[in-house]
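Coordinate inspection notes
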Amino acid sequence: MTNEARGVMLTLASCVAFCLMSVLVQHASQIDPYKTTLFRFVVGLGILGTAALLGKIKLTFTHGPLLFLRGLFGGLGILIFFWSMPRLGIGKATVLIYSFPIFGSLFSSVFLKERLGVVRLAAMLTAFAGICLLASDHKDNFLQLAVPNGDELLTIFGAMLGGIALVIVKKLHDTDSSYAIFFAQCTIGLWMVIVPANIVPCSIGWSGGLLLVAIGVTSAIGQLLSTEAYRHLSVATGSSLGMLVPVLNYIVGIAVFGEPVSVRSMIGSATVVGASLVVLRKNKNGSADRLQERER
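No experiment lies behind these values; they were computed from the predicted model shown.

Some words on the overall build of the chain
- Scanning the chain for helices and strands turns up 13 helices and zero strands.
- When the helices and strands of the chain are read in sequence order from the N terminus, they spell out α-α-α-α-α-α-α-α-α-α-α-α-α.
- Split into buried and exposed, the 296 residues of the chain put 53% on the buried side.
- Total accessible area computed for the chain in this model is approximately 12800 Å², and 69% of it derives from carbon and sulfur atoms.

This is the structure:
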């Protein structure tokens with residue numbers, strides 16, 4: 001098996017793992033998102049820490065302030081994602097969250113002075129139109145663009161946080177490793193949710209606890225598989241395969257959870273995913289693509 005073929009197989013496996021994580025989060029909808037997010041970070045820290053103790057990976061931290069901000073914005077984005085899935089459905093929530101490359105390009109043009117170009121600017125405008133098509137209002141009127149409701153707006157805000165994290169990760173690539181960046185996200189995210197996770201009353205029992213551990217394990221497996229895969233893949237291939245996650249989640253939402261589907265929502269979802277893919281492929285800096293492996 002060639003290196004590229006191995007990278008493709010690893011990326012596909014990571015996409016399946018992230019999809020399974022989303023399914024488990026949806027099944028854990030009776031548990032508050034603070035506890036779900038807490039276990040996601042705790043298990044991630046446990047796996048990374050164990051791997052570091054065994055000498056499998058090296059954790060070194062260079063740019064502390066940026067790592068803190070990356071953990072803050074990335075952690076908030078994950079909390080919003082876990083919060084939104086039971087409310088919007090696994091398909092719509094994932095499509096909206098995975099529009100983060102659109103906002104990343106916008107913030108990069110402002111803070112990193114990157115030139116957008118005609119293609120990326122057109123893709124951004126197309127993605128915003130797709131988001132409006134995907135919005136819940138006016139479902140019976142295909143031609144009328146809708147204003148997203150409160151839940152959708154919060155999820156879009158989560159995508160914006162992911163876009164900010166994208167800009168930060170671009171800067172961190174010069175100083176810190178992928179594992180250090182992921183560790184920072186888990187650490188800062190843990191501090192953000194540890195108090196509300198223990199304040200909100202919820203009896204999870206043994207079955208709920210095992211479900212939460214499974215969410216953390218599948219997320220960490222997806223993360224590690226994706227990290228390994230990007231050692232063997234080109235930027236274009238990695239970005240294309242990474243956007244398979246919202247497609248899988250959209251299909252699973254319909255087939256497993258019976259989420260409503262219409263021509264309008266399918267076109268809106270395809271527009272958002274396609275436009276985000278164009279933005280990723282047009283970004284000649286590979287760090288933008290690698291952010292996909294860290295945002296879950």
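Having seen the structure, we can now continue with the description.
A word on the confidence of the model for the chain
- Per-residue pLDDT for the chain averages 84, and the proportion of residues at 70 or more is 87%.
- Counted against residues more than four places away or in other chains, residues 285-296, with its pLDDT under 50, gives 53 contacts.

Some details on the packing of aromatic side chains
- According to the stated counting rule, one finds four aromatic pairs in the structure shown.
- Relative to Phe183, the ring of Phe61 lies with its centre 5.6 Å away and its plane at 45°, an arrangement referred to as tilted. Of this pair, Phe61 sits in the loop between α2 (33-53) and α3 (64-88) while Phe183 sits in helix α8 (residues 178-199), and the two are 122 residues apart along the sequence.
- Overall, the relative accessible area of 42% leaves Phe61 in the partly exposed class.

Examining the environment of Phe111
- With respect to the helices and strands, Phe111 occurs in helix α5 (residues 100-111).
- Between the C-alpha atom of Phe111 and that of Ile164, which follows or precedes it by 53 residues, the distance is 9.8 Å.

A short note on the packing of α3 against α8
- Between α3 and α8, whose axes approach to 7 Å, the crossing angle comes to 65°. Handedness of the α3/α8 crossing: right-handed. Two secondary-structure elements touch here, α3 through Leu67, Phe68, Arg70, Gly71, Leu72, Gly74, Gly75, Leu76, Ile78 and Leu79 and α8 through Ala180, Ile181, Ala184, Gln185, Ile188, Gly189, Met192 and Val193.

Quick look at the environment of Arg40
- Within the element layout of this structure, Arg40 appears in helix α2.
- Using a relative accessible area of 1% as the deciding quantity, one classes Arg40 as buried.

Here's the deal with a nonpolar patch on the surface
- Together, Ile254, Val261, Val263, Met266 and Ile267 make up an exposed nonpolar region whose accessible area comes to about 390 Å².
- In terms of residue count, helix α12 (residues 263-282) provides more of the nonpolar patch than any other element does, three residues in total.

Describing the pattern of salt bridges
- Summed over all chains, the structure comprises two salt bridges.
- Asp32 serves as the salt-bridge partner of Lys35, at 2.9 Å between the closest nitrogen and oxygen.
- Taking the relative accessible area as the measure of exposure, Lys35 reaches 11% and is therefore buried.
- Here Glu152 ties to Lys92 by a salt bridge, and the two come within 2.9 Å at their closest N and O atoms. Taken together, the positions of Glu152 in helix α7 (residues 150-172) and Lys92 in helix α4 (residues 90-97) put the pair 60 residues apart, joining distant regions of the chain.

Quick notes on α4
- In terms of residue burial, α4 counts as a mostly covered element, since eight of its eight residues are buried.
- Residues of α4 that are buried: Ile90, Gly91, Lys92, Ala93, Thr94, Val95, Leu96 and Ile97.

Considering the packing of helix α1 (residues 3-27) against α3
- At a minimum axis separation of 9 Å, α1 and α3 run at an interaxial angle of 65°. When the axes of α1 and α3 are compared, the crossing they make is right-handed. Seen from α1, the contacting residues are Met21, Ser22, Val25 and Gln26; seen from α3, they are Phe81, Phe82, Met85 and Pro86.

What to know about the nonpolar core
- The biggest cluster of nonpolar side chains holds 50 residues, and the ones touching the most others in it are Phe81, Phe82, Met85 and Ile215.
- Met85 has contacts with Ser22, Val25, Gln26, Ile90 and Ala93, leaving out every residue within four places of it along the chain.
- Counting seven residues, the second largest nonpolar core, distinct from the first, contains Leu67, Ile168, Val169 and Ala184.

Details of the environment of Phe39
- Tracing the sequence through the fold places Phe39 in helix α2.
- Taking relative accessible area as the criterion, Phe39 reaches 24% and is therefore assigned partly exposed.
- Along the primary structure Phe39 and Val217 are separated by 178 residues, whereas in three dimensions their C-alpha atoms are 9.3 Å apart.

Details of the side chain of Ser269
- With respect to the helices and strands, Ser269 occurs in helix α12.
- A polar side-chain atom of Ser269 sits 2.9 Å from the main-chain carbonyl oxygen of Ser265.
- Discounting residues that sit within four places of it in the chain, Ser269 has contacts with Val95, Leu134 and Tyr250.

What counts and how
- Positions within a chain are numbered from 1, following the residues in the order the chain's sequence is written.
- Restriction of local features to residues with pLDDT of at least 70 applies here, the model being predicted, together with a cutoff of 80 or more for giving and counting side-chain atom pairs; totals for whole chains, interfaces and linings are based on all residues.
- To get the side-chain values, all heavy atoms of the structure are used, and hydrogens and water are removed first.
- Secondary structure elements are defined from DSSP: runs of H or I of at least 4 residues count as helices, runs of E of at least 2 residues count as strands, and each element is numbered from the N terminus.
- Throughout this description, buried means an accessible area under 20% of the type-specific maximum (1.4 Å probe, protein chains only), exposed means over 50%, and partly exposed covers the range between.
- Accessible areas in this description were obtained via Shrake-Rupley with a 1.4 Å probe; residue shielding takes into account the shown protein chains only.
- Note: pLDDT gives the predictor's confidence per residue, expressed from 0 to 100.
- A contact between two residues is defined here by any heavy atoms of the two lying within 4.5 Å.
- When the centres of two rings from Phe, Tyr and Trp lie within 6.5 Å, Trp using its six-membered ring, the rings pair. Their planes under 30 degrees apart give stacked, over 60 give edge-to-face, and anything left gives tilted.
- Only the stretch in contact is used when fitting a helix axis, every axis being a line fitted to C-alpha atoms; angles between N-to-C directions are given from 0 to 180 degrees.
- Note: crossing handedness is left-handed where the near helix turns anticlockwise from the far helix by less than a right angle, and right-handed where it turns clockwise.
- Like charges within 9 Å and nonpolar side chains (Val, Leu, Ile, Met, Phe, Trp, Tyr) within 5 Å are joined into patches, using only residues over 30% in relative accessible area that form no salt bridge.
- Salt bridge criterion: a side-chain nitrogen from Lys or Arg within 4 Å of a carboxyl oxygen from Asp or Glu.
- Each nonpolar core is a collection of buried residues, namely Ala, Val, Leu, Ile, Met, Phe, Trp, Tyr and Cys, held together in the definition by side-chain atoms within 4.5 Å.
- Between N or O atoms, a polar contact is any pair within 3.5 Å; within protein, one atom must be a potential hydrogen donor and the other a potential acceptor, and residues adjacent in sequence are included only when both atoms are from side chains.

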